[in-house]
Amino acid sequence: MTEPLSHPYAQIELSDNEKLVVGVVWNEKIISRGDITAKVPFTQQSTHRIVESLLEKQVFVLGDPIAKGRGKPSLRCELMLGSITHWG
């Protein structure tokens, strides 16, 4: 089920899975895409697909990579300022 979000330009329809990911980022303020995956019950591929959808809807923006240990740093993900005022 999708419900509209308040957006300065339009109502944005989000799925329940998208709302769960938005809630994680909302609580953390700034989080890497890899860390989002650890906090949701989805596979890495599903989480990245959901994040990409939220980027297209201009709910999220990506920032500089966050390096943690070995391997490729994960991009920082944060809410686009003013994109969300409430969701239900």
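Residues numbered from 1 in each chain as written. Predicted model: local features only at pLDDT ≥ 70, side-chain atom pairs only at ≥ 80, totals over all residues. Heavy atoms only, no water.

Engineer: Outline the overall build of the protein, supporting the account with residue identities and numerical values.
Structural biologist: Check the secondary structure of the protein and you find three helices and five strands. Mapped in sequence order, the helices and strands of the protein form the string β-β-α-β-α-α-β-β. Within the protein, buried positions represent 38% of all 88 residues. The contacts in the protein between residues at least 6 apart in sequence include a share of 48% that link residues at least 24 apart. (Helix = DSSP H or I, 4+ residues; strand = E, 2+ residues; numbered from the N terminus. Buried < 20%, exposed > 50% of the residue type's maximum accessible area, 1.4 Å probe, protein only. Contact = heavy atoms within 4.5 Å.)

Engineer: Break down helix α3 (residues 44–56) for me, citing the residues and quoting the values.
Structural biologist: The terminal C-alpha atoms of α3, which comprises 13 residues, lie 18 Å apart, in line with the 18 Å expected from a rise of 1.5 Å per residue. Of all the positions in α3, only T47, I50, V51, S53, L54 and L55 are classed as buried. Taken together, the buried residues of α3 touch β2 (12–14), α1 (16–28), α2 (33–39), β4 (60–66) and β5 (74–79). Count one or two residues on from α3 and you reach Q58, which has phi positive near 60 degrees. (Expected span 1.5 Å × (residues − 1).)

Engineer: Which residues make up the nonpolar core, and what are the values?
Structural biologist: With 18 residues, the main nonpolar core has V21, V22, I36, V51, L54, V59 and F60 as its most contacted residues. Of all the elements in the fold, those that place two or more residues in this core are β2, α1, α3 and β5. (Core = buried A, V, L, I, M, F, W, Y, C linked by side-chain atoms within 4.5 Å.)

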